[in-house]
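Architecture at a glance
Given next are the chains, with one letter for each unit.
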Amino acid sequence: MQARTIMVQGTASHVGKSVLVAALCRIFYQDGYRVAPFKSQNMALNSFVTRDGGEMGRAQVVQAEAAGIEPHVDMNPILLKPTGQASSQVIVLGRPVGNLSAREYHNNYAQKAWDVICQALDRLRRRYEIVAIEGAGSPAEVNLQATEIVNMRVARMAEAPVLLATDIDKGGALAAVVGTLELLPEEDRQRVAGIIINKFRGDLKLFQPAVDFLEAKTGIPVIGVVPYFEGFRVQEEDTVSEESLRKSRLSIRRDLDIAVIHLPHISNFTDFDPLENEPDVNLRYIGRGNSLGRPDLIIIPGSKNTIEDLVTIKRWGLAGEICRLAREGVPVIGICGGFQMLGKELTDPYQTESSIPRIEGLGLLDISTTFEPEKVTSQVEATVAGGGPLLADSRGQRLAGYEIHMGRTVLGSDAVPAFRIFRRSGEMVDCPDGAQDREGLVWGTYIHGLFDNDVFRRHLLNALRVKKGLAPLEKGGVGHLEQRERDYDRLAAVVRGSLDMDRIYCLLGLPGPKKGKALAGAV
């Protein structure tokens, strides 16, 4: 028997589709069902590497975690990673197949991608009881309706009832719902089985006339009004969250001030969520026009277009400011693309990421990087190999993370490895990773997810505290991964209390929570 399906689409991007699907995955999981997420095509720079080395969108990883299962590329068979100039790297079932312009992709590649999508969804439906599907953007983008492979075409193929979500916090939500339905062909409009008002602030009783109007106008029930939740976090899909950027603009007094450079093509920004959740850290994202000040640590993150982002931060003046602060003793860390920027030069002879063949780096590390066509994607385990003020207390610690990069970096005589990888994709290896300068205040690595490691993260923060003349803090409270599980449960509790779950189970053709399993793990 194939899995039942349900799909969440939106009136626009960033209305909360990913989070709502994650919530449904957690609810179905709590209710005793084997559930998997699915998004046929995801456009995002925030990605993850599976156990077998496949690359997929981070949103479906979050949804899989909420469902209590291991992420698999079938959950996101097509991933598009924008590279600039209306083109993207196309990743199919976890492996890159090349860079295509938007025109080339939609006109020439979409049908081949559609076949892959159908096969991936079929495999999931044979393994699970429920598949919760996420759409992208809006189904009412009339210029794309003939070639789209992520919204109503998927709903028709999967025979999935559609829940249409809208973000009321941005304003114009009722008009967005009515307008979206008006622009849909009749067959697709009939497939919309419910409306979700998301991110609501205010008195529900005062909002009831709007609900009544919407139901009368569209003939479709409003199956829930989900409040704007605060106090817990679910990782964002493809952009740094508005909440994180808002906090960056506030003057928050905490012991440690950490500045993350907000690159135009920033990728895997969820690397820094564990730092943002630390009680003694004020994490700021610094872009054009923002003051870098004198932070306790500067982090240059990953990038999908490292060379062009380096050109940009040089133009903004941030590159010179970073170098000046580093010379004055402010620690600097680079992750992946940020690590490459710290070196003496970057070359791209095959135009893998950029049309710029060579550029001088920041010169803070004695390394050189060459971009190559073959992409490295793997889960890794490593030990801390570096020393100095930042890494000495962590030396020898074991860490887990993942690699996603196309550059190969060579160390000069004034650099030493920061880490040593001892397991890659399940196989024992002995490979140096990253680099550190002689003073130990500047280092970089290709390993994403370093800060998810609780003991390492606290040791690094304590090293910054000691450098600042503050006493170290003991590691306390729950770990990052445990906190994430708690947040999924809290998300599920909020959404369960806001949606008509009886109606949703009816749409699925299921009787509801399985006997003895309902609300398992809920708060």
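Before reading further, recall that the structure is shown in the block above.
Report follows, based on the coordinates. Since the model is a prediction, treat every value here as computed from it, not as a measurement.

As for the overall build of the chain
When its secondary structure is counted, the chain shows 16 helices and 27 strands. Its C-alpha atoms give the chain a radius of gyration of 23 Å, near enough to 24 Å, the size a compact globule of 523 residues would have. Each principal axis of the C-alpha distribution contributes one length, and for the chain these read about 70 × 50 × 45 Å. Here the chain, with 523 residues, has 58% of them falling under the buried criterion. Summarising the internal contacts of the chain: among those between residues at least 6 apart in sequence, 74% fall at separations of at least 24. Entry remark: accessible area of the chain is about 21200 Å², with carbon and sulfur atoms responsible for 50%. Seen as two clouds, the 62 positive and the 66 negative side-chain charges of the chain have centres 1 Å apart.

A closer look at the packing of helix H1 (residues 17-30) against helix H16 (residues 501-508)
Put simply, H1 and H16 touch, their axes get as near as 13 Å, and they point 85° apart. Regarding the angle of H1 to H16, the classification is roughly perpendicular. Of the residues in H16, those touching H1 at Leu-24, Ile-27 and Phe-28 are Met-501, Ile-504, Tyr-505 and Leu-508. Partitioning the contact of H1 with H16 into residue classes produces seven nonpolar, no polar and no charged.

Description of the environment of Glu-360
Turning to its location among the elements, Glu-360 is positioned in strand S20 (residues 358-360). Along the backbone, Glu-360 and Val-311 are 49 residues apart, and their C-alpha atoms lie at a distance of 9.5 Å. In this structure, Glu-360 is in contact with Leu-310, Lys-314, Lys-344 and Glu-345, ignoring residues within four places of it in sequence.

Focus on the sheet that holds strand S9 (residues 130-134)
Spatial strand order, S2-S9-S1-S10-S11-S12: six strands in an open sheet with parallel pairing. Of all strands in the sheet, those bounded by a partner on one side alone are strand S2 (35-38) and strand S12 (222-227). Direction aside, neighbouring strands of the sheet carry axes that sit 20° apart on average. Bridge count between strand S11 (residues 192-200) and S12: four bridges; the pairing is parallel. Bridge pairing in S12 links Ile-196 to Gly-224. Where helix H3 (residues 102-127) meets the sheet, it contacts strand S1 (4-10), S2 and S9, and its direction lies at approximately 170° from that of S2.

Things to note about helix H10 (residues 306-316)
Looking only at H10, the buried set comprises Thr-306, Ile-307, Glu-308, Asp-309, Leu-310, Thr-312 and Ile-313. Following H10 by one or two positions, Gly-317 has its phi on the positive side, about 90°.

Looking at the pairing of S1
Consecutive side chains of a regular strand alternate in pointing toward one face of the sheet and then the other. Of all seven residues that make up S1, six are buried, and the element is covered over most of its length. Two elements, S1 and strand S10 (residues 162-167), share four bridges in a ladder whose sense is parallel. The residue of S10 that forms the bridge with Val-8 is Leu-163.

Some words on the pattern of salt bridges
In the structure shown here, the tally under the stated rule is 36 salt bridges. In this structure, Glu-485 engages Arg-26 in a salt bridge whose closest nitrogen and oxygen atoms are separated by 2.6 Å. On the criterion of sequence distance, the pair formed by Glu-485 in helix H15 (residues 480-496) and Arg-26 in helix H1 is long-range, its members being 459 residues apart. Here Asp-500 makes a salt bridge to Arg-503, at a shortest N to O gap of 3.6 Å.

Remarks on the packing of aromatic side chains
The final tally for this structure, using the stated rule, is ten aromatic pairs. Considering the side-chain rings of Phe-28 and Tyr-505, the 5.6 Å spacing of their centres and the 65° angle between planes classify their relative orientation as edge-to-face. Note that Phe-28 is positioned in helix H1 and Tyr-505 in helix H16, a separation of 477 residues in sequence. Here Phe-28 and Tyr-505 have matching classes, each one buried.

A closer look at the nonpolar core
Core analysis: the biggest nonpolar cluster contains 90 residues, and Phe-28, Phe-38 and Ile-504 have the highest contact counts within it. Counting residues per element, this core draws most heavily on H3, which supplies nine residues. Once you skip the residues sitting within four places of it in the chain, Ile-504 turns out to touch Ile-6, Leu-24, Phe-28, Leu-163, Ile-223 and Leu-499. Counting 65 residues, the second-largest nonpolar core is a separate cluster that includes Leu-318, Val-330, Ile-335 and Ala-435.

Describing the environment of Ala-110
Mapped onto the fold, Ala-110 is located in helix H3. Distance from Ala-110 to Val-494, taken between C-alpha atoms, is 37 Å for residues 384 residues apart in sequence. Excluding residues that lie within four positions of it along the chain, Ala-110 makes contacts with Tyr-105, Thr-147 and Ile-149.

Thresholds applied
Residues numbered from 1 in each chain as written. Predicted model: local features only at pLDDT ≥ 70, side-chain atom pairs only at ≥ 80, totals over all residues. Heavy atoms only, no water. Helix = DSSP H or I, 4+ residues; strand = E, 2+ residues; numbered from the N terminus. Rg over C-alpha atoms; globule rule 2.2 N^0.38 Å. Buried < 20%, exposed > 50% of the residue type's maximum accessible area, 1.4 Å probe, protein only. Contact = heavy atoms within 4.5 Å. Areas by Shrake-Rupley, 256 points an atom, 1.4 Å probe, with all protein chains shown as cover. Lys, Arg positive; Asp, Glu negative; His and termini not counted. Charge placed at Lys NZ, Arg CZ, Asp CG, Glu CD. Axes fitted to C-alpha atoms, helices over the stretch in contact; angles between N-to-C directions. Parallel < 35°, antiparallel > 145°, perpendicular 65-115°, else oblique. Nonpolar A, V, L, I, M, F, W, Y, C, P; charged D, E, K, R; others polar. Pairing = 2+ DSSP bridges. Salt bridge = Lys/Arg side-chain N within 4 Å of Asp/Glu carboxyl O. Phe/Tyr/Trp six-rings, centres within 6.5 Å; stacked < 30°, edge-to-face > 60°. Core = buried A, V, L, I, M, F, W, Y, C linked by side-chain atoms within 4.5 Å.

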